Amino acid sequence: MERKEQLYEGKAKKVYATDDPQLIIVEYTDGAAAFHGRKKGTIAGKGSINNRVSNDLMRLLEKQGIPTHLVEQLSDRETVIRKAQMIPLKVIVRNVVAGSLSTRIGMPEGTRLKSPVLEYNYKDDALGDPMINRFHALALDLCAPEELATIERYAFRANDILRTRLQQLDIDLIDFKLEFGRLADGTIVLADEISPDTCRFWDTETGERLDMDRFRRDMGGAEDAYQEVLHRLLEE
Ligand code: UDP
């Protein structure tokens, strides 16, 4: 599979066309961005780690019945994916209070929730990805009601599968963000990535943060933390 013209360049990824109009190639870069692009930097080695972590977790979800955009990993940083029309929603699932939820409800980070919470952010950088609910999503016609029902089912199922898997690696899945797209035939697929950029991973024993918060909050050690996640996932 050969890379053709570049279609898009984002904060942490570049996307290329291929000979097949249904397939594209994503290249993960070391670019890091937070606070809707207001904080920018790099995390050395991140692209190759996120590519491999995300593909590993997507394969696991696919095996357990959640359709994904994944086709095959091409190289350390490149993966062939199915082209999908993206639904402009960030679907966030939370098991433990952290980040913006902690600020919003005034509860300390680390408070375990009685049941998982699903939130939507409307994907719009200029607006700062405002939080909306499912009624907004339907009223704004971001997707069809049946599609939203599928997305919610997949998001909660992904939470169960990922939590169980990560627990085995002494990683507590605090929260994460998913994005979905539709294929040409209308199938809803899990798209984008699942990585320390898009999840909060806390070490079960020490509570150490193994994710993007190390960059967002200038804690240092992001490179090592990302490497640690990959190591635990692939070296068993
Ligand atoms: N998240 C993400 N991209 C975003 C916003 C959030 O990947 O644009 C992830 C984030 O890494 C965390 C979860 O979604 O795992 C919940 O994030 P939160 O709403 O707490 O926002 P934050 O505090 O990260 O701004």
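Computed from a prediction, not measured in an experiment: that's the story for all the values here.

Surveying the vicinity of the ligand reveals 14 residues, the closest of which are K90, R94, S100, D175 and R216. Here D175 contributes a side-chain N or O atom positioned 2.6 Å from an oxygen atom of the ligand. Elements supplying a minimum of two residues to the shell around the ligand: β9 (89–96), α2 (99–105), β12 (171–182) and β14 (199–203). Split into classes, the residues belonging to the shell around the ligand amount to 4 nonpolar, 3 polar and 7 charged.

Checked against the element boundaries, E78 lands in strand β7 (residues 78–82). In terms of polar contacts, E78 uses its side chain to reach the side chain of R3, at 2.7 Å. Within the structure, E78 has its side chain in polar contact with the side chain of S75 (distance 2.7 Å). Not counting the four nearest positions on each side in its chain, E78 is found in contact with R3, I25, V26, E27, N51 and Q73.

In this structure, A191 sits in strand β13 (residues 188–191). On the basis of relative accessible area, A191 is assigned to the buried category, the value being 2%. In the structure, A191 is positioned 93 residues away from A98 in sequence and 24 Å away in space, judged by C-alpha atoms. With near-sequence residues (within four places) excluded, A191 lies in contact with M58, H69, M86, E179, F180 and G181.

This part is about the environment of K177. Secondary-structure assignment places K177 in strand β12. Its relative accessible area of 15% is what places K177 among the buried residues. Between the C-alpha atoms of K177 and A155, which are 22 residues apart in sequence, the distance is 9.2 Å. Non-local contacts of K177, meaning those with residues more than four positions away in its chain, are made with K90, V91, I92, D192, E193 and T198. Side chain to side chain, K177 and D192 meet in a polar contact 3.0 Å long.

A few words on unusual backbone geometry. In the Ramachandran plot, D129 falls in the positive-phi region, its phi being about 50° despite a non-glycine side chain. Residue position: D129 is located in the loop between β10 (112–122) and β11 (131–132). You can call D129 buried: its relative accessible area is 7%. Positive phi, close to 50°, is recorded for D218, a residue that is not glycine. Residue D218 is classed as exposed on the basis of its relative accessible area of 61%.

This model, assessed by the stated rule, comprises 29 salt bridges. Among the salt bridges present, the one from D30 reaches R77, with a minimum N-O distance of 2.9 Å. Of this pair, D30 sits in the loop between β3 (23–28) and β4 (31–34) while R77 sits in the loop between β6 (70–73) and β7; the two residues are 47 residues apart in sequence, bridging distant segments of the chain. The exposure class of R77 is partly exposed, given its relative accessible area of 27%. As a salt-bridge pair, D213 and R200 come within 2.7 Å of each other at their nearest N and O atoms. Of this pair, D213 sits in helix α5 (residues 213–216) while R200 is found in strand β14, placing the two residues 13 residues apart along the sequence.

Let us look at the sheet that holds β6. The 5 strands are arranged β1-β2-β3-β7-β6 in an open sheet whose pairing can be described as antiparallel. At either end of the open sheet lies a strand with only one pairing partner, and these are β1 (6–9) and β6. Put simply, the sheet's adjacent strands are angled 25° from each other on average, direction ignored. Pairing between strand β2 (residues 13–17) and β3: 5 bridges, direction antiparallel. Bridge pairing in β3 links K13 to Y28. Strands in contact with helix α1 (residues 46–63) are β3, β6 and β7; relative to β6, the strand with the most contacts, it is inclined by about 130°.

Reading the values: the criteria
- For every chain, the first residue of the written sequence is number 1, and numbering continues from 1 along that sequence.
- Whole-chain, interface and lining totals are the exception, using all residues; otherwise, since this is a predicted model, local features are given only for residues with pLDDT of at least 70 and side-chain atom pairs are given and counted only at 80 or more.
- Excluding hydrogens and water, the side-chain figures rest on all heavy atoms present in the structure.
- Think of it this way: one heavy atom of a residue within 4 Å of a molecule or strand is enough to make that residue near it.
- By the criterion applied in these results, polar contacts are pairs of N or O atoms within 3.5 Å in which, for protein atoms, one can donate a hydrogen and the other can accept it, and in which residues neighboring in sequence qualify only through two side-chain atoms.
- What counts as a helix is a DSSP run of H or I of at least four residues, what counts as a strand is a run of E of at least two, and both are numbered from the N terminus.
- Side-chain classes follow a simple rule in which Ala, Val, Leu, Ile, Met, Phe, Trp, Tyr, Cys and Pro form the nonpolar group, Asp, Glu, Lys and Arg form the charged group, and the remainder, Gly included, forms the polar group.
- In what follows, residue pairs with any heavy atoms lying within 4.5 Å of each other are defined as contacts.
- The classification of residues rests on relative accessible area computed with a 1.4 Å probe and restricted to protein chains. Under 20% of the type maximum is buried, over 50% is exposed, and intermediate values are partly exposed.
- Definition used for salt bridges: Asp or Glu carboxyl oxygen within 4 Å of a side-chain nitrogen of Lys or Arg.
- Strand pairing is assigned whenever DSSP detects at least two bridges linking the two strands.
- In this analysis an axis means a line fitted to C-alpha atoms, helices contributing only their contacting stretch, and an angle means the value between N-to-C directions, from 0 to 180 degrees.

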